[in-house]
Number of protein chains: 2
Amino acid sequence: MSDPAVSRTLPFPPSGADGEGAASCSTDHPASRVIREILARVGDKWSLLVIGLLHDGPLRFTEIQRRVDGISHRMLTQTLRSLQRDGLVSRTSYAEIPPRVEYAVTPLGRSLSEPAIALAAWAAEHHRAILDARAEFDGDDA
Amino acid sequence: MSDPAVSRTLPFPPSGADGEGAASCSTDHPASRVIREILARVGDKWSLLVIGLLHDGPLRFTEIQRRVDGISHRMLTQTLRSLQRDGLVSRTSYAEIPPRVEYAVTPLGRSLSEPAIALAAWAAEHHRAILDARAEFDGDDA
DNA sequence: CTGTATCCTTTGGGATACTG
DNA sequence: CAGTATCCCAAAGGATACAG
């Protein structure tokens, strides 16, 4: 893990001290935009799931659908298009009958796995604590 | 391999060396549920934003609303309730007139900032690559 | 098998008015 | 100031049918 200049700062400077400089940001909330963009990209219901699944190796359309439990035909197509568009997965179609298409994560997509896994690890670690807090909040009127 | 010789466009090992162990999907999909739960929790439009904002220190309701650009009164209440319920932020109300309520991140909420920041760092780092990939995908029919 | 288009239900979320 | 409730619209997403 390489953490060059991204020290343990907060995602939100109190009054807009910009350190990212990702694009043309002349507005007031630079880090907000960053977080918003991640969420817009991988915050949907299936993207991270597909990325994680393909981490093991290339898979065909139907195989992905079989493995990602609950995803609809429509959403899988849509998710894969979106990921492909952003350069996170690659699509390779073979001119055969019946048609065969394989999807694989790109290096960029693979690099996303690292923070994603970190987040998943956090969830796994604190899952119980959240459930406890929730239970206490819900039925605390005792 | 009973596979016809078709040139693969991508140099990808079928099984990457996974060192994390937290989100590997090879055997079952235990990570799917975990990822789904995180996304359901912090994948919404405002939760991470509020968590990040409160990282600096406790803030009052109106102050949060002022700082999180674009959030509506309704969504702020709802977001704070949700975060409080999950034990990520704490709510302290002072019996004064006019009423004063302060919100602060709990240790649990603070621990979430770390992977969240990692994800934000990833986004900042690869933002340009994504934009490039997208531009190429969109207007590639030249 | 893979992909697109249509339909329809559910949910997220903004605006606003009202209460303590 | 902080919170709740109502209304309403737009986006997400599932089901299905159809095409290559």
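- Under an unreviewed UniProt entry, chain A has the name Helix-turn-helix transcriptional regulator and belongs to Agromyces soli.

1. Describing the protein's contact with DNA strand C
(1) Moving on: Taken together, 18 residues lie near DNA strand C, and A:T62, A:H73, A:R91, B:R74 and B:M75 sit nearest.
(2) Moving on: Close to the protein, within 4 Å, the atoms of DNA strand C belong to sugar or phosphate groups at a rate of 60%.
(3) Moving on: Separating a base nitrogen of DNA strand C from a side-chain N or O atom of A:H73 is a distance of 2.8 Å.
(4) Moving on: Contacts to DNA strand C include B:R74, whose side-chain N or O atom sits 2.8 Å from a base oxygen.
(5) Moving on: Looking at which element gives the most residues to the surface near DNA strand C, the answer is helix α4 (residues 73-85) of chain A, with four residues.
(6) Moving on: A class-by-class count of the residues in the surface near DNA strand C yields eight nonpolar, four polar and six charged.

2. Some thoughts on the sheet that holds strand β2 (residues 89-94) of chain A
Residue and element names in this part refer to chain A.
(1) Moving on: With respect to topology, three strands assemble into an open sheet ordered β1-β3-β2, the strand pairing being antiparallel. The open sheet has two edge strands with one neighbour each: β1 (59-60) and β2.
(2) Moving on: Of the strand pairs in this sheet, β1 and strand β3 (residues 100-105) are connected by two bridges, and their pairing is antiparallel. The residue of β3 that forms the bridge with R60 is E102.
(3) Moving on: Contacts from α4 reach β2 and β3, with the element oriented near 115 degrees to β2.

Conventions we followed
Residues numbered from 1 in each chain as written. Chains lettered and ligands numbered in written order. Predicted model: local features only at pLDDT ≥ 70, side-chain atom pairs only at ≥ 80, totals over all residues. Heavy atoms only, no water. Near = heavy atom within 4 Å. Polar contact = N/O pair within 3.5 Å; in protein donor to acceptor, adjacent residues only side chain to side chain. Helix = DSSP H or I, 4+ residues; strand = E, 2+ residues; numbered from the N terminus. Nonpolar A, V, L, I, M, F, W, Y, C, P; charged D, E, K, R; others polar. Pairing = 2+ DSSP bridges. Contact = heavy atoms within 4.5 Å. Axes fitted to C-alpha atoms, helices over the stretch in contact; angles between N-to-C directions.

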